[in-house]
Each structure stands twice: as structure tokens, then as C-alpha cells.
Amino acid sequence: MGKRVGVLMGGWGEEREISLKTGEAVVAALETLGHTVTRVFAGPGLDRALRAADIEVAFLALHGRMGEDGRVQGLLELLEIPYTGSGVLASALAMDKPMAKKLFQLHNLATPRGYRVGREDAERALELHGDSGFPCVVKPAKGGSSVGLSVVHDAGALVPAVAQACRFGGEALVERFVKGQEVTVGILGDSVLGSCEVAFPREGFDYDAKYKNGGAQYFLPPRLSDTRRVNVETLALAAYRALGCRGYGRVDLLCSDTENDVVLEVNTLPGFTPTSLLPKIAARAGLDFPALVQGVLDRATRDESHVAEGVPAAPVPLRIAR
């Protein structure tokens, strides 16, 4: 039996264009699978749009801030609509890269050393950098699709790079640069689907390299020994679990030339565009695009919540003593 599915797409941020592409691809797959699909364009008034949509479940095709960071998930919890992907807390933790790094470290998962810089401290970035050295990577502390990412090779370029990253959310993350192979691991439910190495002609797998024919090459499986590949996939699953993620996700890592592997970030709503990495990984694992979409939809849920006995179903009018 098909379901009434609302595909949430668009959003408020700099990743709106990618979200719309993801959304349309998901809509096409869901309709092929026999579901009744409603496009729900995220933006101001989303709560009213969701109430009017008459849907059983929400498929989140949103990316970045105000979509992947727990806020929309919280709204869906209040509206009692099951949704795809991670819950409120895991979504918020994964989007806040400096906070996610703290949790990785708490779980003894290797991650590049880094620090947070706010917009108000951008001019002091060199002072805050101290003896961290160069090159380093500067990116928004909360964001995705590698928007605003820079690889900085000298002190003179640090402040402009931090200011650029702070344009997207007001905070930057400055990390030690790790030279090596970029590998991403796809996860469905609580199992690894596989992994993919991304190689590109310039430093930093930025927005242009991902979405504007930046010359990226993909290797499935990664060019690693079988033993190291399994270790990398195990590390990725541990990072996913450390943040409490569920449903599906994609974990980005670096496999350094010195045989050390480090976690960069966890993507709780990875892209579903024609060039996106999770569909490539799933295809190699034997899941075509509609099957992957159905697998994600099958895992839609809400956080466990228990309402205390005696709590009224509707709000009690506020009475003001006079």
C-alpha cells in the first residue's frame, strides 16, 4: 500500500538549489513506487503548509541550516508526523561541527584538531590560531555541501577565509589540514552500505567540485587495502552512533598518507541528486535509486515521547487573574 508522503524541499539557506534537486529526484522515485506525493516547500509558514498537506510521513530532502539542524525535525515532532533521517538532537549535533568533534573525541574517535571562531572574532583569527600551523582548512561551523570552505596556506589568507566562512551562519571552524584520500561511507539503518573515495584535481572537495563539474573522480570501493577499508567503515559507523544518528547518513573521513584515518563529519541528510555520493554507494551495494528511497522511507519515525497522564489533548486557555 502506498503512503501519503510529503517531500520537504527548498529551505531557507545557501543549499536551497541542491535541496530542490534532491527533492525532485525523491518525488519521482516515490511516485514510481506507488506513493501519493505532495511537494512541501520549506520556508516561512512551514507549520501551516504541513498541516494543510494531509500527509502520513515526511521525507526530508532538506540540506544545511534550518533543515538538517534539528529545527524542522522538532516541528515535525510537535505535529506528530514521522520523518526520515535522524532525530532532533542527533541532527543538531551533527550540524554543529565543533560540537560533533567534541563527541568524537569523547568516544576516542580520531578527528583533526580544530577550533571555533565567531564573526565577532574574525579579525583576531591569527591570534587565536597561535601555533596551529599551516595549511589549515576553514569552513562554516554549521553547514554542508562544502559551501564557504577554504584551504589556507599562509597567515595572510586566514582572516579573509574566516570572514568568508562566517557569512554562512556566523561561525567558522578552523581545522588542521590532513593530506590523504577523502573517503565517504554510506549507512542505511545501522549498517554500512559501502564506501567511496573522492579524488579531485584541487585541494578541498568544495561546492564547485561537488556540483559544477569540478573534475571529481569516484572510486568504488576506495583505493585502500581490504583491511583498511573495513577499518575506515567501522570508524564511520562508530561516529554515526556516537552522535545518536538513525535512519541513514553519510560519514566523511580522511585516510592520511601516514596510515591514520580521521573523521571529518556526519551528514544526516545527504544529497540525492544525480551526482550525490550515497546513491552511488547504494547502487554498488545492489540498491537502485528507488530501492534506496524506499529503504529510507521505511525507517521514518519520531523520537519516543511519553505524555504524562492527565495532560489535556488540547491547550488549556490561559486565565489571567485580575
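Above this text is the structure in question.
Residues numbered from 1 in each chain as written. Predicted model: local features only at pLDDT ≥ 70, side-chain atom pairs only at ≥ 80, totals over all residues. Heavy atoms only, no water.

Peer 1: Where do I start with helix α3 (residues 71-79) in this structure?
Peer 2: When α3 is considered as a whole, its buried residues turn out to be Val72, Gln73, Gly74, Leu76 and Glu77. Buried positions along α3 lie against β1 (4-10), α2 (46-53), β3 (57-60) and α4 (88-95). Phi turns positive, to about 60°, at Glu80, one or two residues after α3. (Buried < 20%, exposed > 50% of the residue type's maximum accessible area, 1.4 Å probe, protein only. Helix = DSSP H or I, 4+ residues; strand = E, 2+ residues; numbered from the N terminus. Contact = heavy atoms within 4.5 Å.)

Peer 1: Can you walk me through unusual backbone geometry in this structure?
Peer 2: If a residue is not glycine, its phi is most likely negative; likewise, a peptide bond is most likely trans. With an omega of 0°, the peptide bond between Phe134 and Pro135 qualifies as cis. Secondary-structure assignment places Pro135 in the loop between α6 (125-129) and β5 (136-140). Residue Pro221 is reached from Leu220 by a cis peptide bond, and omega for that bond is 0°. For Pro221, the location among the structural elements is in the loop between β10 (217-219) and α9 (226-242).

Peer 1: How should I be thinking about the packing of aromatic side chains in this particular structure?
Peer 2: The relative placement of two aromatic rings is captured by the distance of their centres and the angle of their planes. Scanning all chains against the criterion turns up 3 aromatic pairs. Plain terms: the ring middles of Phe59 and Phe272 are 6.2 Å apart, the flat faces sit at 90° to each other, and that makes the pair edge-to-face. Of this pair, Phe59 sits in strand β3 while Phe272 sits in the loop between β12 (261-267) and α10 (277-284), and the two are 213 residues apart along the sequence. Here Phe59 matches Phe272 in class, with each residue buried. Through pairs of rings, three or more aromatic residues link up here, namely Phe59, Tyr248, Phe272 and Phe289. Directly above the ring of Phe219 sits Arg223, whose terminal nitrogen or CZ lies 3.9 Å from the centroid. Positioned over the ring face of Tyr218 is Lys280, at 4.6 Å from the centre of the ring. (Phe/Tyr/Trp six-rings, centres within 6.5 Å; stacked < 30°, edge-to-face > 60°. Lys NZ or Arg CZ within 6 Å of the ring centre and 35° of its normal.)

Peer 1: Got a minute to help me understand the nonpolar core in this structure?
Peer 2: Looking at soluble globular proteins, one finds that nonpolar side chains tend to be buried together. Counting residues in hydrophobic clusters, the biggest one holds 36 residues, and the most contacted among them are Val7, Leu8, Leu30 and Phe59. Put simply, the parts of the chain that give this core at least two residues each are β1, α1 (16-32), β2 (36-42), α2, β3, α3, α10 and α11 (289-298). Ignoring sequence-local partners within four residues, the contact set of Val7 consists of Gly23, Val26, Val27, Leu30, Val37, Thr38, Arg39, Val40, Phe59 and Ala61. The next biggest cluster of nonpolar side chains, apart from the first, holds 25 residues, and it includes Ala90, Leu224, Ala239 and Cys245. (Core = buried A, V, L, I, M, F, W, Y, C linked by side-chain atoms within 4.5 Å.)

Peer 1: Looking at this structure, I do not really get the sheet that holds strand β11 (residues 248-256). What am I missing?
Peer 2: Overall, antiparallel pairing links the 5 strands, which are arranged β10-β9-β8-β11-β12 in an open sheet. On the outer flanks of this sheet lie β10 and β12, each paired with one strand and no other. Across this sheet, the average inter-strand angle for adjacent strands is 30°, counted without regard to direction. Pairing of strand β8 (residues 180-188) with strand β9 (residues 191-199) involves 7 bridges; the strand directions are antiparallel. Among the inter-strand pairings, Ile187 is bridged to a residue of β9, identified as Val192. Against the sheet, α9 engages β8, β9, β11 and β12, with an angle of about 130° to β11. (Pairing = 2+ DSSP bridges. Axes fitted to C-alpha atoms, helices over the stretch in contact; angles between N-to-C directions.)

Peer 1: Would you mind showing me how to read the pairing of β9 here?
Peer 2: The side chains of a regular strand alternate between the sheet's two faces. Hairpin connection between β8 and β9: a loop of 2 residues separates the two successive antiparallel strands, and Gly189 in this loop has a positive phi of roughly 70°. Here β9 runs beside β10; their pairing, made up of 3 bridges, is antiparallel. Among the inter-strand pairings, Glu197 is bridged to a residue of β10, identified as Phe219.

Peer 1: What's the story with the sheet that holds β1 in this structure? I'm lost.
Peer 2: Adjacent strands of a sheet form backbone hydrogen bonds with each other and so pair up, either parallel or antiparallel. What the 3 strands build is an open sheet, ordered β2-β1-β3; its pairing is parallel. Two strands bound the open sheet, and with one partner strand each, they are β2 and β3. Each neighbouring strand pair of the sheet contributes to a mean axis angle of 30°, computed without reference to strand direction. Inspection of the sheet shows β1 paired to β2 by 7 bridges, in the parallel sense.

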